[in-house]
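Topology and contacts: notes
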Amino acid sequence: MKNSLPQLALISITMACVLLTSCAGPPKRVTPEWTTALPGNWSSPVVVLEQAHSGWLTTFNDPQLEALVAEAILNNPDIKASAARIDQALAEARKAGVALMPQIDASANGSRNQTINRAGSFGGGGFDDFDNFFVTRNNSLGISLDLTWELDVWGRVKKGQSAAIADSQAATYEFQSARLSLASQVAKAWFSAQEQYLQHQLALETFESFTRTAEITQSRFERGLQSATDVHLSKSSAASARASLDNTKLTYHQAVRSLEILLGRYPSQELEISTDLNAVPPPVPAGVPSDLILRRPDLLAAERRLAASDKRVSQARAAFLPRFALTASGGTSSDALRDLVDPKHFVWNFLVNLTQPLIDGGSRRADLDRNKAAVLEAAENYRGTALTAFKEVEDALDAEGLLESREAALLDAAEQGRMAYERAESEYRQGLTGIITVLDAQRRYLDSRRSYLTVKRIRLDNRINLHLALGGDFKPTQNTIENSDPIAQTEPTL
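Below is a summary of the structure that appears in this document. What you see is a predicted model, and the numbers here were worked out from it, not measured in a lab.

Let us now look at the overall build of the chain. Within the chain one finds 8 helices and 4 strands. Ordering the α and β elements of the chain from the N terminus gives α-α-α-β-β-α-α-α-β-β-α-α. Expressed as a percentage of the 494 residues in the chain, the buried residues total 40%. Counting contacts in the chain only where the partners sit at least 6 residues apart, residues at least 24 apart contribute 83% of the total. Within the structure as shown, the chain displays about 26800 Å² of accessible surface, and the carbon and sulfur contribution to it stands at 55%.

Right, let's talk about the packing of helix H4 (residues 156-222) against helix H6 (residues 297-318) for a bit. How two helices sit against one another is set out by the angle between their axes and by the gap between those axes. Closest axis-to-axis distance for the H4/H6 pair is 8 Å, and the angle between their directions is 165°. Considering their axes alone, H4 and H6 lie roughly antiparallel with respect to each other. Taken as a pair, H4 and H6 cross one another with a handedness that is left-handed. Its residues assigned to classes, the contact of H4 with H6 comprises 12 nonpolar, 7 polar and 9 charged.

On to the packing of helix H2 (residues 63-75) against H4, then. The N-to-C vectors of H2 and H4 enclose an angle of 135°; their axes lie 9 Å apart at closest approach. It follows from the interaxial angle that H2 and H4 lie oblique. Crossing hand, H2 versus H4: right-handed. The segment H2 lies against H4, with Gln64, Leu65, Leu68, Val69, Ala72 and Ile73 engaging Arg179, Leu182, Ala183, Val186, Ala187, Trp190 and Phe191. In terms of residue class, the contact of H2 with H4 is built from 11 nonpolar, 1 polar and 1 charged.

So, on to the pattern of salt bridges. Taken as a whole, this structure holds 23 salt bridges when the rule is applied. A salt bridge links arginine 296 to glutamate 392; the shortest N-O distance between them is 2.8 Å. Of this pair, arginine 296 sits in the loop between helix H5 (228-262) and H6 while glutamate 392 sits in helix H7 (residues 363-429), and the two are 96 residues apart along the sequence. The class of arginine 296 is buried, set by a relative accessible area of 5%. One network of salt bridges, with partners in common, ties together Asp167, Glu174, Arg305 and Arg312.

As a further point, take the environment of leucine 259. Tracing the backbone shows leucine 259 in helix H5. Note on leucine 259: relative accessible area 0%, which makes it buried. For the pair leucine 259 and alanine 187, spaced 72 residues apart in sequence, the C-alpha to C-alpha distance is 9.1 Å. Residue contacts for leucine 259: discarding those within four places in its chain leaves Leu68, Val186, Ala189, Trp190, Leu271 and Ile273.

Thresholds applied
- Residues numbered from 1 in each chain as written.
- Predicted model: local features only at pLDDT ≥ 70, side-chain atom pairs only at ≥ 80, totals over all residues.
- Heavy atoms only, no water.
- Helix = DSSP H or I, 4+ residues; strand = E, 2+ residues; numbered from the N terminus.
- Buried < 20%, exposed > 50% of the residue type's maximum accessible area, 1.4 Å probe, protein only.
- Contact = heavy atoms within 4.5 Å.
- Areas by Shrake-Rupley, 256 points an atom, 1.4 Å probe, with all protein chains shown as cover.
- Axes fitted to C-alpha atoms, helices over the stretch in contact; angles between N-to-C directions.
- Parallel < 35°, antiparallel > 145°, perpendicular 65-115°, else oblique.
- Left-handed = near helix turned anticlockwise from the far one by under 90°.
- Nonpolar A, V, L, I, M, F, W, Y, C, P; charged D, E, K, R; others polar.
- Salt bridge = Lys/Arg side-chain N within 4 Å of Asp/Glu carboxyl O.

Have a look at this one:
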């Protein structure tokens, strides 16, 4: 019976491990109660389109843009930092689950000591003469295995691990959000660089146009057909056009450098930019459901933070309950190395501990209250993120039609301005109108062309904003949180 005691202890520990140390999974999806009525569809009108897009970036039909986005995702420092935060969160999740498993420590020790004793000679019939010494040396060798394990009876450790897993999922969604944001930033920077290139070309054309007008005015003045005031006005306009030309060149160079920074390149202003703005993609399909925003990575991250906070409340409550722990150790001790493996020298002990916290000065109560407040904060952050997402989608949808109408009006204004300028210049050459009329028509024409380019780029930016607000394209995707690996989550389609 004595020999069976270690076996019974081992069996008890093994059964307890099977029953109590299964790894914790991610917490279930937590949805806070809404105090605001949400629509099933968007209030802003959308244009009917038979087929939805499969990927928002491809709708711009620009392979160079897609290549630049891929380069940025690979090299951008902010994306690399976000990926590193995922690794940190996953390590924290692994660490949080360590307490679920038994902790085993192995130790070995050895010592050797020497003592010197002085003995009496017993000469002369007394103990007054001590002239003899003898030396004693002792060896001590030992090896042992020590096991400690807290039985997670109330699930306190599991809840902490579940919260850490939710944090790692949140970090993964934040990484996906950073990728989506970076893709939109690169696309906007690309379109901005295109626009600034075209604005610079227009500024060059403007300068040449005003210079030509100044030369005509100077020629007419020399022939006595024009006043000196007209000459000064035309030359002033040409000088202003030259200043604008230099400014657009600087702005273009800065736009290219900004794009290169996003790509993780040195800002050398060497990136080649296409010489025309991309066409605006097809209209938004009708009936886009409002629940598309639920796949937004930042909203999913906010929900995971809420779930983690909720689990930490349960963990804080469990801290009030007793803790059970198993302690076991075994080993050998001998003064000879060969005896360390001799079963006759084996010793062991097994102990079950119960600890009930009684007085802690209110520390556990403070932890519970803090975690309850954290849940409320996370819930409000979730609601705020969702409402902001709805606003962003509504704004982008509302701007779709208005910007299209504005672009058409500016295109018409540019065409009318061109005809007015050509007519004024012709009449000026014939002496039928003054230089002020020519300069005014010239300025109106060129300003409308500049505005047209800007609005065309804004329309492209607005479409990007819509995809960013929806978390991807217009096609619904399945995105499941419950009982899933955070790394295996479906990423938003770029």
